[in-house]
Amino acid sequence: MPAMPAEFETLLLDVTEGIATITLNRPDRKNAFNPKMAIELIAAFDATDADDAVKAVIVTGSGDSAFCAGADLKAGGSTFDAGQREAERRAAGDTADLSRDGGGRVALRVFQSLKPVIAAFNGAAVGVGVTMTLPMDIRIASTTARFGFVFARRGIALEATSSWFLPRLVGAPTALEWAYSGRVFAAEEAHRRGLVQSLHEPADLIPAARALAHDFIDHSAPMSLAVTRQLIWRGLVADHPMEAHRADSRSMRQRGASADAREGISAFLEKRPAVFPDKVSAGLPDLWPDWEEPEYR
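Residues numbered from 1 in each chain as written. Predicted model: local features only at pLDDT ≥ 70, side-chain atom pairs only at ≥ 80, totals over all residues. Heavy atoms only, no water.

Below, the discussion takes up the overall build of the chain. Check the secondary structure of the chain and you find eleven helices and ten strands. What you see for the chain is a C-alpha radius of gyration of 20 Å, in line with the 19 Å of a compact globule of 297 residues. Principal axes of the C-alpha set define a box for the chain whose edges measure 65 × 45 × 40 Å. Residue burial in the chain is summarised as follows: out of 297 residues, 45% are buried. Summarising the internal contacts of the chain: among those between residues at least 6 apart in sequence, 70% fall at separations of at least 24. (Helix = DSSP H or I, 4+ residues; strand = E, 2+ residues; numbered from the N terminus. Rg over C-alpha atoms; globule rule 2.2 N^0.38 Å. Buried < 20%, exposed > 50% of the residue type's maximum accessible area, 1.4 Å probe, protein only. Contact = heavy atoms within 4.5 Å.)

Packing of helix 1 (residues 35-50) against helix 3 (residues 102-111) leaves a shortest axis separation of 9 Å and a crossing angle of 10°. Between helix 1 and helix 3, the crossing angle belongs to the class labelled roughly parallel. Here A38, L41, I42, F45, D46 and D49 of helix 1 lie close against helix 3, whose contacting residues are G102, R105, V106, R109 and V110. The residue makeup of the contact of helix 1 with helix 3, split by class, is six nonpolar, one polar and four charged. (Axes fitted to C-alpha atoms, helices over the stretch in contact; angles between N-to-C directions. Parallel < 35°, antiparallel > 145°, perpendicular 65-115°, else oblique. Nonpolar A, V, L, I, M, F, W, Y, C, P; charged D, E, K, R; others polar.)

Moving on to the packing of helix 9 (residues 222-235) against helix 10 (residues 241-256). Running from amino to carboxyl end, helix 9 crosses helix 10 at an angle of 170°, the nearest separation of the two axes being 11 Å. Classified by the angle their axes make, helix 9 and helix 10 are roughly antiparallel. Residues M223, S224, V227 and L231 of helix 9 touch helix 10, and the partners they reach there are A247, D248, S251 and R255. Taken together, the residues of the contact of helix 9 with helix 10 sort by class into four nonpolar, two polar and two charged.

The subject of this paragraph is unusual backbone geometry. Positive phi is not limited to glycine here, since A160 has a value of about 55°. Note on placement: A160 falls in the loop between strand 8 (146-148) and helix 5 (162-170). Despite not being glycine, K271 has its phi angle at roughly 55°, a positive value. Turning to its location among the elements, K271 is positioned in the segment after helix 11 (259-270).

Okay, a nonpolar patch on the surface next. Among the surface-exposed residues, I265, F268 and L269 lie close enough to one another that they form a single nonpolar patch of about 380 Å² accessible area. By the element assignment, I265 lies in helix 11. We classify I265 as exposed; its relative accessible area is 54%. (Patch = residues over 30% accessible without salt bridge, like charges linked within 9 Å, V, L, I, M, F, W, Y side chains within 5 Å. Areas by Shrake-Rupley, 256 points an atom, 1.4 Å probe, with all protein chains shown as cover. Salt bridge = Lys/Arg side-chain N within 4 Å of Asp/Glu carboxyl O.)

Keep in mind these numbers describe shape, not what the thing actually does.
Below you can see the structure in the form of structure tokens.
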């Protein structure tokens, strides 16, 4: 099992009561996204997946004004030039295919998470600051948060796999309106149109996120959460409900014979808290024997 990284340059990582909190931590740049942050976010999710002490993940930003202000624009007009971006990624130690969108690599790693993931928007989230959160399971926001899919106003277009996730979350008309206009909008609109699930006063945001995480993890088997997350997300790309039926049936057969199932039923009948023995780090049951992770090419 990989060791939990002791420290990051662009993030803070804390594990308390089974909940890992990943805090984007570049307050002097409004937590702007850069190649080092991409590398470290992927590493953080690798670590939380491997650590059985982690049952859920919260992602938030440092300070009270910004969750993430989007891509760091310190390079000015050449910020999104391929040569500039590749040079910055090499300098940050990125050894992946440099033709790939860095935000997309982060989003796909979040998509693969084995633990529930909650985004807690403490402030502005624009550009990649919002698109990288779309594969997270739940998004909640401070009443002071603002959002913007500002790409068209910068002469670029949607990135970080948001062209797939955003219309599935809010519908194509809303996704297109936000992306066409590139306008920044308030938390109330994000809530009303389904981007975030709830709004909270700033001081109440992280307690609300932690309460939600505890609601997920305190009485549920970690392996069941991991399987459920994969059933839901992979089900979104299924061609027919029969694919979901096959996966559900395999899940019922395999999980039904598990030590977790025996413990869960016994605890219910004996009116006591369950102590689930199965470890997510040991590997998930193979519910999709024909599943092949697409390659980037």
